[in-house]
Amino acid sequence: MYKIKNFTDNNDINVLDTKGPFTVVEYLRDLSVTPMTAQTSYFSNLMNVRKRQVICNLATSPVTIQAGAMQWMVGNVNATTGLKGVGDLFSKAVRGKVTGESAIKPEYTGDGQLVLEPTYKHIILLNLEEWNNSIVLDDGLFLACESTLQQKAVMRSNISSAVAGNEGLFNLGVHGKGVLCIESPCPQEELIEIELKDDVIKIDGNMAIAWSGSLDFTVERSGKSLVGSAASGEGLVNVYRGTGKVLLAPVDKMTH
């Protein structure tokens, strides 16, 4: 039996979203300041630079989180590696190597609560049923998911152009039924959602943070020829083809 006080019931904390086992909270003000940091904290708050945190209710569902993301837990909580044998370890190690994600993501079960480390990034909850149960993430965005979801390495459709564009060959794909929690460089209200039906979107820059697993992702020259690309002043672009959705940031996340 446990009781948590002065956390979500604190008037300095705002609940931003709740889906599945996840609740996203935001600290309206940073009160842990000194005379040296008070001015920076004040103006950061005005510009929506605030600490945000994820609370996981394990009684709703077991969760899998990014390695090192746990801050504290209370109640009946059990942590495991989520491995199902030597073969599973090998496949996850390979996936982690090619996607740049941690190979082992701990899984938490029980009926207590798990609280993740605070972050200044924007936390977005995605229900994969709204993505036809399959989504692909840009590098480094995964924070947590329901353990019912499966993860895999998704390879680019054309290897040569990915190399030419200085892009990685693999991304992290997540599929199944459940809720996914990602860390976005932009708030949800700024993200542009584009729905394609047998169509194509071409993006000059690393601005797509997530896209449907049904889409083909390639890196191509913006013009039909090298001369055409040079004449237009553009080079290589990220191309998404097919039927599905793309979640697009208003700025290149590498420079945000």
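Okay, so let's go over this structure. Here the structure is a predicted model, which is why all the values come from computation and not from measurement.

Here the focus is the pairing of strand β18 (residues 236–248). A regular strand carries its side chains on alternate faces of the sheet. Both strand β15 (residues 192–203) and β18 contribute to a ladder of 10 bridges, which runs antiparallel. Residue pairing in the sheet places isoleucine 194 in a bridge with valine 246 of β18. The pairing of strand β16 (residues 208–212) with β18 spans 3 bridges and is antiparallel. Looking across to β18, one finds that alanine 208 is bridged to leucine 248.

Structurally, valine 200 can be placed in strand β15. Along the backbone, valine 200 and phenylalanine 217 are 17 residues apart, and their C-alpha atoms lie at a distance of 10.0 Å. If we ignore the near neighbours within four places in the chain, the residues touching valine 200 are Val239, Tyr240 and Arg241.

The subject of this paragraph is the environment of leucine 128. With respect to the helices and strands, the residue leucine 128 is situated in the loop between β9 (122–127) and β10 (134–137). Taking the C-alpha atoms as reference, leucine 128 lies 7.4 Å from histidine 175; in sequence the two are 47 residues apart. Apart from residues lying up to four places away in sequence, leucine 128 is in contact with Asn133, Ser134, Ile135, Leu149, Val174, His175, Gly176, Gly178 and Leu180.

Using the criterion set out here, one finds 6 salt bridges in the structure. Measuring nitrogen to oxygen at the nearest pair gives 3.3 Å for the salt bridge that ties arginine 50 to glutamate 26. With arginine 50 in the loop between α1 (38–46) and β3 (52–57) and glutamate 26 in strand β2 (residues 22–27), this pair connects stretches of sequence that are 24 residues apart. The partner of arginine 52 in a salt bridge is glutamate 26, and the shortest N-O contact between them spans 3.1 Å. Of the two residues, arginine 52 sits in strand β3 while glutamate 26 sits in strand β2, which places them 26 residues apart along the sequence.

What follows covers the sheet that holds strand β11 (residues 142–146). The strand order β6-β7-β4-β11-β14-β9 describes an open sheet built from 6 strands, whose pairing is antiparallel. The strands lining the two open edges of the sheet, one partner per strand, are β6 (77–80) and β9. When the angles between neighbouring strand axes are averaged without regard to direction, this sheet yields 20°. Bridging between β11 and strand β14 (residues 179–184) involves 3 bridges; their strand directions are antiparallel. Bridging across to β14, cysteine 145 finds its partner in leucine 180.

This paragraph deals with the side chain of serine 147. Structurally, serine 147 is set in the loop between β11 and β12 (150–155). At 3.0 Å, the side chain of serine 147 and the side chain of threonine 64 are in polar contact. If near-sequence neighbours (up to four positions away) are discounted, serine 147 is found in contact with Ser61, Pro62, Val63, Thr64 and Glu107.

Looking at the secondary structure, you find serine 134 in strand β10. Separated by 15 residues in sequence, serine 134 and leucine 149 place their C-alpha atoms 9.5 Å apart. The residues contacting serine 134, other than those within four sequence positions of it, are Leu128, Val174, His175, Ser212 and Gly213.

Calculation rules
Residues numbered from 1 in each chain as written. Predicted model: local features only at pLDDT ≥ 70, side-chain atom pairs only at ≥ 80, totals over all residues. Heavy atoms only, no water. Pairing = 2+ DSSP bridges. Helix = DSSP H or I, 4+ residues; strand = E, 2+ residues; numbered from the N terminus. Contact = heavy atoms within 4.5 Å. Salt bridge = Lys/Arg side-chain N within 4 Å of Asp/Glu carboxyl O. Axes fitted to C-alpha atoms, helices over the stretch in contact; angles between N-to-C directions. Polar contact = N/O pair within 3.5 Å; in protein donor to acceptor, adjacent residues only side chain to side chain.

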